[in-house]
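Below are the chains, spelled out letter by letter.
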Amino acid sequence: MKKNLMVKRLMTLALLMILHSSFFTLHSMAQKFALVDMDYILKNIPAYERANEQLNQVSKKWQAEVDALTTEAQTLYKNYQNELVFLSAEQKKAKQDAIMEKEKQASELKRKYFGPEGELYKKRTSLMSPIQDEIYNAVKDIAELRGYQLVLDRASDTGIIFGSPKIDISNEVLSKLGYAN
């Protein structure tokens, strides 16, 4: 009987030690999270709106240049179609070459302005990077101050189904950036 009591006490003590260490392991693994709404933050930063407007204006201007070259190529082609029966083989070749050259110019201009490493991309980067860096630094400062291990953007398509408004630090980020709500 003493042996059974002793075994029970040892088992209970071992179980308590396991539970105690598990509790502290889980407690130390607990992480703090926060949410931000980047759409909301960006809409409340006037510099972002101005940058977007600038990008829209320059994009329209460049698109008009591309459209003008495309229209010229189309006009050359229509004229070629209308004159086709009256042209010699040499004249046909010259007109076809002129049309292809105009189309090539339009295509190159479009790539120059709107391609993956084009002027619009460079302009967007130069205008938006400082704003994004400022937001990132504000979020990072708040996260470090409050001990957040992870800050998620609720506006992005990350699959967040629910986020408590209590952990949304968007207004705090705006305040840190100097934009009052």
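Cut-off values and rules
Residues numbered from 1 in each chain as written. Predicted model: local features only at pLDDT ≥ 70, side-chain atom pairs only at ≥ 80, totals over all residues. Heavy atoms only, no water. Helix = DSSP H or I, 4+ residues; strand = E, 2+ residues; numbered from the N terminus. Buried < 20%, exposed > 50% of the residue type's maximum accessible area, 1.4 Å probe, protein only. Contact = heavy atoms within 4.5 Å. Areas by Shrake-Rupley, 256 points an atom, 1.4 Å probe, with all protein chains shown as cover. Core = buried A, V, L, I, M, F, W, Y, C linked by side-chain atoms within 4.5 Å. Axes fitted to C-alpha atoms, helices over the stretch in contact; angles between N-to-C directions. Left-handed = near helix turned anticlockwise from the far one by under 90°. Nonpolar A, V, L, I, M, F, W, Y, C, P; charged D, E, K, R; others polar. Salt bridge = Lys/Arg side-chain N within 4 Å of Asp/Glu carboxyl O. Patch = residues over 30% accessible without salt bridge, like charges linked within 9 Å, V, L, I, M, F, W, Y side chains within 5 Å.

Asks: Explain the overall build of the protein here, please?
Replies: Each helix and strand counted, the protein has 6 helices and 2 strands in total. Going residue by residue from the N terminus, the α and β elements of the protein occur as α-β-α-α-α-α-β-α. Looking at the protein residue by residue over its 181 residues, the buried ones come to 22%. When contacts within the protein are restricted to residue pairs at least 6 apart in sequence, those whose partners lie at least 24 apart make up 77%. For the protein, the exposed surface amounts to about 13500 Å²; the carbon and sulfur share of it is 58%.

Asks: Explain the nonpolar core here, please?
Replies: The nonpolar side chains of soluble globular proteins are, as a tendency, buried together. Counting residues in each nonpolar core, the largest one holds 29 residues, and the members touching the most others are Ile41, Ile45, Ile131, Ile135, Ile169 and Val173. For this core, the secondary structure elements donating two or more residues are strand E1 (33-36), helix H2 (38-43), helix H3 (46-83), helix H4 (89-114), helix H5 (119-146) and helix H6 (170-177).

Asks: Whenever I open this one, the packing of H5 against H6 confuses me. Can you help?
Replies: Helix-helix packing is described using two parameters, namely the angle between the two axes and the distance between the axes. The interhelical angle for the contact between H5 and H6, taken along N-to-C directions, is 115°, at an axis separation of 9 Å. Handedness of the H5/H6 crossing: right-handed. Taking contact as the criterion, the partners of Glu134, Ile135, Ala138, Val139, Asp141, Ile142 and Arg146 in H5 are, on H6, Glu172, Val173, Lys176 and Leu177. Split into classes, the residues belonging to the contact of H5 with H6 amount to 6 nonpolar, no polar and 5 charged.

Asks: Would you take a moment to explain the pattern of salt bridges for this structure?
Replies: Two side chains of opposite charge can pair, provided their charged atoms sit close to one another. Taken as a whole and assessed by the stated rule, the structure comprises 7 salt bridges. Measuring nitrogen to oxygen at the nearest pair gives 2.9 Å for the salt bridge that ties Lys102 to Glu72. Of this pair, Lys102 sits in helix H4 while Glu72 sits in helix H3, and the two are 30 residues apart along the sequence. Overall, the relative accessible area of 18% leaves Lys102 in the buried class.

Asks: What is the right way to read a nonpolar patch on the surface from this model?
Replies: There is a patch of nonpolar side chains on the surface, built from Phe33, Leu150 and Leu152 and spanning about 220 Å² of accessible area. As for its placement among the helices and strands, Leu152 is situated in strand E2 (residues 150-153).

The values reported here are purely geometric and, on their own, carry no functional implication.
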